[in-house]
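Residues per chain, in single letters:
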Amino acid sequence: MCGIIGYLGNRNAYPILIDGLKKLEYRGYDSSGIAVFCNNGYKICKTKGKVSELEKKIFYQKKNMIGTSGIGHTRWATHGVPDNINAHPHVSNSHKLIIIHNGIIENFHAIKIILLKNGFHFKSETDTEVLVNLIEYIQTEHQCSLEEAVRISLNEVIGAYSIAIVERSNPNTMIVAKLGSPIALGIGSNEKEFFIASDPIPFLNYTKNVIYLKDGEMAIIKKNEKLDLRSIVNNHKISPVIEQLQINLKEIEKGHYKYFMLKEIYEQPKTILDTLRGRLLNQNGGIICIDGIELNKKIFTYAKHITIIACGTSWHASLIGEYLLEKLTRIPVEVEYASEFIYRDPIIEKRDIVIVISQSGETADTLSALKLAKQRGSFVFGICNVVGSSIARNVDDGVYTHAGPEIGVASTKSFTAQITILVLLALTIGKYRSTIDKHLYHNLCEELGNITEKVFCTLKIDRYLKEISKKYCNVKNFLYLGRGINFPVALEGALKLKEISYIHAEGYPAAEMKHGPIALIDEKMPVVIIATKNIHYEKIIGNIQEIKARKGRIIAIINEEDLQIQMLADHIIKVPKTSEEISPLINIIPLQLLAYQIACIRGKNVDQPRNLAKSVTVE
Ligand code: M6R
């Protein structure tokens, strides 16, 4: 995790760096720091806490951050507590080298012991301080340039990194390198002004020309000179590929919303439509046309087994994918946590497919699982939101969700976009394999065509949810129940509440409640139950009765015309009726809003919940 930013050119670096760090805060926000270079040295400022704290500190300490090159960092702690000392940038023992780093140097301890024997000392607990001193040590020993010292050092380290490093005596040169952690280079005017960042959003105001550094690449950036790209392993020259960014500035602004999360919840009618655009053509009862699937028609048609791998919210979408794919394609599906898949020697056989799902496309566990699946000979298909991300680049083929940049740490619109793709995928494979009934296929295509309007209507319950939220904002525990395809929706609802309000919440299959969690139910326990009309409806009523008998408080998500549950529940949240297969697209909306409203009433920072970061780029 962590966000890194750098600038080298003719402008004043500080405003670019501080503004860039604010845009990267979704990657971590427990401490931050900036170093700005000028001909007679550098100014550095670091602090515990958010970037706004850093800005204040620089302002009050009257730090004169003037210079045309600089680096900055916003941290999500791995090695060492969040404090001023562990915050980046880190400086080498002789104060010659200044570095920022995202990732983990796994063999830092062994390197530290060697450096200690050679007289180095360390102020922080970080692996980064070890790396910068290793580079200094190598540079002194080999009497070589900074770029050569960086290259030699990086060949000695094990782990993941994206780094930017500057030599105090040469502020017009910056070395940037990548292995595992993402880094984008923005190429400014005349290809001689450079921006570096963990993602391109911080430099979108200045340039749309971007180079995504690949693993094992190192860029030597010199002011007013063309970029020099090299291989870290053998120093071979590499031709850079400049891409054009397609992101619109409006997509990364909060507009009139208080938080990005709320904006992203409200964007869902549009983002689902964007996911469907050009893919669901509603003539003749529905034609689905997705290149990434069409091109692999044979592989999907004859697949023997599908494993879906993901983390967090994407894992919940995967569970929905399991229901859909098994029902509509009759291919057995298994869903794995990426972090578990990597360590359990998975069995992959001929004609097995692995699908990886990730919003960011940078989640380290998912990326490792993808690589392992490929090593074992599987065809790996990706469902990703971020274009050009590591996962998108590493899969054999895949589709983008096109939900637009998701900035709130709690995923919302990416979840509904992933489900939309999974419905399209299941329908397409079902058609290839003739495992789906024609009427069902056409009905679902038609329902998908109308879904955005229903999502739009569902959002109108926001005001009513505020009232419910006030009643329950101080409880300690919540239970979320759902059955069938709505069980993962219950899990996702519980995750949203935990993440942003810090209230403990559990998601359970409704029928499983009687095997244990029912013991928790008393008059203080709110139970959110997804009770929209489907094949489980009668059974769900039974579950509601069981909760009522134990005085639990029932918040039921029901369809508009349902009178039966209205009589039983303490609170009802009415949503439009739709087919069971796509009902998660509707049913998750009130759960996202409920979590949001409760967190706001509790005064939490919804976009930056404690201890979290948007993309988890460490294993
Ligand atoms: O970017 P990814 O979809 O791979 O991220 C996976 C999880 O880290 C992510 O969904 C996380 O659980 C979110 N905080 C959920 O809101």
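Residues numbered from 1 in each chain as written. Predicted model: local features only at pLDDT ≥ 70, side-chain atom pairs only at ≥ 80, totals over all residues. Heavy atoms only, no water.

Caption draft 1: Inspection of the site of the ligand at higher detail. Taken together, 13 residues surround the ligand, and among them Ser314, Ser358, Ser360, Thr363 and Glu499 come closest. Take Lys496: an N or O atom from its side chain is 3.1 Å from an oxygen atom of the ligand. For the ligand, the accessible surface in isolation is 410 Å², of which the surrounding protein chains cover 92%. Put simply, the ligand lies in the second largest pocket. Among the elements of the structure, α10 (312-329) and α17 (487-501) are those that each provide at least two residues to the shell around the ligand. Ranked by the residues each element gives to the shell around the ligand, the list is headed by α10, at 3 residues. Tallied by class, residues from the shell around the ligand come to 3 nonpolar, 8 polar and 2 charged. (Near = heavy atom within 4 Å. Polar contact = N/O pair within 3.5 Å; in protein donor to acceptor, adjacent residues only side chain to side chain. Areas by Shrake-Rupley, 256 points an atom, 1.4 Å probe, with all protein chains shown as cover. 1 Å grid on protein atoms, 1.4 Å probe; cavity = no way out; pocket = protein on both sides within 12 Å on 5 of 7 lines; lining within 4 Å. Sits in = over half its atoms within 2 Å of the grid points. Helix = DSSP H or I, 4+ residues; strand = E, 2+ residues; numbered from the N terminus. Nonpolar A, V, L, I, M, F, W, Y, C, P; charged D, E, K, R; others polar.)

Caption draft 2: Fine view of the domain arrangement of the protein. Taken domain by domain, the protein holds domain 1 (3-103 + 161-245), domain 2 (252-436) and domain 3 (459-611). Distance from the C-alpha centre of domain 2 to the C-alpha centre of domain 3: 25 Å. Across the boundary between the two partners, domain 2 contributes 30 residues, which contact 28 residues of domain 3. Buried surface at the junction of domain 2 and domain 3, both sides included, amounts to about 2500 Å², of which 71% is carbon and sulfur. When the shortest N-O distance is used, the salt bridge between Glu581 and Lys327 registers 2.7 Å. On inspection of domain 2 and its partner domain 3, the count reaches 12 residue pairs in polar contact (both at pLDDT 80 or more). Breaking the side of domain 2 that touches domain 3 down by element, the ones donating at least two residues are α6 (260-266), α7 (268-276), α10 and α14 (413-433). For the side of domain 2 that touches domain 3, the leading source of residues is α10, giving 9 residues. (Domains from an automatic or database assignment. Contact = heavy atoms within 4.5 Å. Buried area = accessible area lost by both parts, 1.4 Å probe. Salt bridge = Lys/Arg side-chain N within 4 Å of Asp/Glu carboxyl O.)

Caption draft 3: View of the environment of Ser52. Of note, Ser52 is situated in helix α2 (residues 51-60). The exposure class assigned to Ser52 is partly exposed, which follows from its relative accessible area of 35%. Between the C-alpha atom of Ser52 and that of Ser32, which follows or precedes it by 20 residues, the distance is 9.4 Å. (Buried < 20%, exposed > 50% of the residue type's maximum accessible area, 1.4 Å probe, protein only.)

Caption draft 4: Seen up close, the nonpolar core. In terms of nonpolar packing, the biggest core is built from 89 residues, with Ile355, Leu427, Leu448, Phe478 and Tyr480 touching the most fellow members. For this core, the domains that each give at least three residues are domain 2 (252-436) and domain 3 (459-611). (Core = buried A, V, L, I, M, F, W, Y, C linked by side-chain atoms within 4.5 Å.)

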